Amino acid sequence: MRELVYYAAVTLDGYIAGPNGEFDAFLVEGDHMEGINRRFADTLPTVAAEALGIEQKREVFDTVLMGWNTYQVGGLPSPYAHLRQIVFSRTKSAEAENLEVTAEDPVSVVRRLKQEDGTDIWLCGGGALAASLADEIDRLILKRQPLLFGTGIPLFGERPYHPERFDAVQTVAYESGVVFTELERRREG
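What counts and how
- Residues numbered from 1 in each chain as written.
- Predicted model: local features only at pLDDT ≥ 70, side-chain atom pairs only at ≥ 80, totals over all residues.
- Heavy atoms only, no water.
- Buried < 20%, exposed > 50% of the residue type's maximum accessible area, 1.4 Å probe, protein only.
- Helix = DSSP H or I, 4+ residues; strand = E, 2+ residues; numbered from the N terminus.
- Arc of directions from axis to C-beta.
- Contact = heavy atoms within 4.5 Å.
- Polar contact = N/O pair within 3.5 Å; in protein donor to acceptor, adjacent residues only side chain to side chain.
- Salt bridge = Lys/Arg side-chain N within 4 Å of Asp/Glu carboxyl O.
- Pairing = 2+ DSSP bridges.
- Axes fitted to C-alpha atoms, helices over the stretch in contact; angles between N-to-C directions.
- Phe/Tyr/Trp six-rings, centres within 6.5 Å; stacked < 30°, edge-to-face > 60°.

Caption draft 1: Main features of helix α1 (residues 32–39). For α1, the full list of buried residues reads H32, M33, G35 and I36. Summarising the axial view, the buried residues of α1 lie within an arc of 160°, below the 170-degree limit, and thus occupy one face. Summarising the geometry of α1, the exposed residues directed more than 90 degrees from the buried face are E34 and R38. Buried-residue contacts for α1 involve β1 (4–11), β7 (139–145) and β10 (179–185).

Caption draft 2: Fine view of the side chain of H32. Within the secondary structure layout, H32 lies in helix α1. Given a relative accessible area of 0%, H32 falls into the buried group. At 2.9 Å, the side chain of H32 and the side chain of S176 are in polar contact. Excluding anything up to four places from it in sequence, H32 contacts L27, Q145, Y174, S176, V178 and F180.

Caption draft 3: Inspection of the pattern of salt bridges at higher detail. All told, the structure shown has 18 salt bridges when counted by the stated rule. For R159, the salt bridge identified is with D135, shortest N-O distance 3.3 Å. Placement of R159 in the loop between β8 (153–154) and β9 (166–173) and of D135 in the loop between α5 (127–132) and β7 is noted, with a sequence separation of 24 residues between them. Given the relative accessible area of 48%, D135 is considered partly exposed. Note that E164 is salt-bridged to R185, the shortest N-O span being 2.2 Å. With E164 in the loop between β8 and β9 and R185 in strand β10, the pair connects residues that are 21 residues apart, well separated along the chain. Overall, the relative accessible area of 10% leaves R185 in the buried class. Linked through salt bridges whose partners overlap, the residues forming this network are R2, D62, R84, E100 and E116.

Caption draft 4: How the structure looks around the sheet that holds β7. Read across the sheet, eight strands follow the order β5-β4-β3-β6-β1-β7-β10-β9 without closing on themselves; strand pairing throughout is mixed. Of all strands in the sheet, those bounded by a partner on one side alone are β5 (99–102) and β9. For this sheet, the mean angle separating the axes of adjacent strands, direction not counted, is 20°. Where β7 meets β10, six bridges bridge the pair, whose relative direction is antiparallel. Across the sheet, residue L142 finds its bridge partner in β10, namely T181. Across the sheet, helix α4 (residues 106–115) is in contact with β1, β3 (61–67), β4 (84–88) and β6 (120–125); its angle to β4 comes to roughly 160°.

Caption draft 5: Summary view of the pairing of β7. Burial analysis of β7 places six of its seven residues in the buried class, the great majority of the element. In terms of strand pairing, β1 meets β7 through seven bridges, oriented parallel. Opposite T11, over in β7, you have Q145 as the bridge partner.

Caption draft 6: Expanded view of the packing of aromatic side chains. For the coordinates displayed, the defined rule picks out nine aromatic pairs. With a centroid separation of 5.6 Å and an interplanar angle of 70°, the aromatic rings of Y174 and F180 are classed as edge-to-face. Here a set of aromatic residues connected by ring pairs shows up, and it is made of Y7, F40, F61, Y80, W122, Y174 and F180.

So this is what it looks like as C-alpha cells:
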C-alpha cells in the first residue's frame, strides 16, 4: 500500500515558512543538495529539475498534496507538472497540467489515494493541512535547517493533544548544517 510521506524543510524552531510564507532563507546550496537531487528528484519543481538536467522518474512520489498557500507560493500554475498535484482549497480554483483543486476532505482523499496503485504520496505542505492529515502520515522526512525563524508557519498547525510515536529510520548530517531525519509511524500490535 502507498504511504503518505510528509517531506519538508523545517527550521530548528519548527517552522516550514515565515509568517507570510517566506522560504528564501532556507539553504538551497551546499552538500545536502546532492542528497535531495539524487534521492528526492521528484520533489524539485519541474522547471528547476529541467534547468539542472535532473531526470524525474516518479520512483519515490507520483502524487503531491498541497494547501492553497503552499501551491501559490512559487507563482507557477503547475509547479510539479511531472506529478499528480492535488491542492486543497474551499474557495480557490485553478487549472493547469496535472493539477486538481478540491474542497473534498483531505483525509478522505488520502485514504482513497492509498488504495490506488502507484508510488508514495508526498505531503508538501502547509502546516494546517499537515495537522488535518497527521493521523494519516506514515513517514516523516525532515530537512532540518540550521536556522531560527522566531515565528512563521509551523510544521504542524494546531491539533488536539494526542501523542503519537514515530521511530527513527535514518539520520544524515551534512557539513552545510542541514540534517535529514527520516521517521516512520510506530504501528502498535
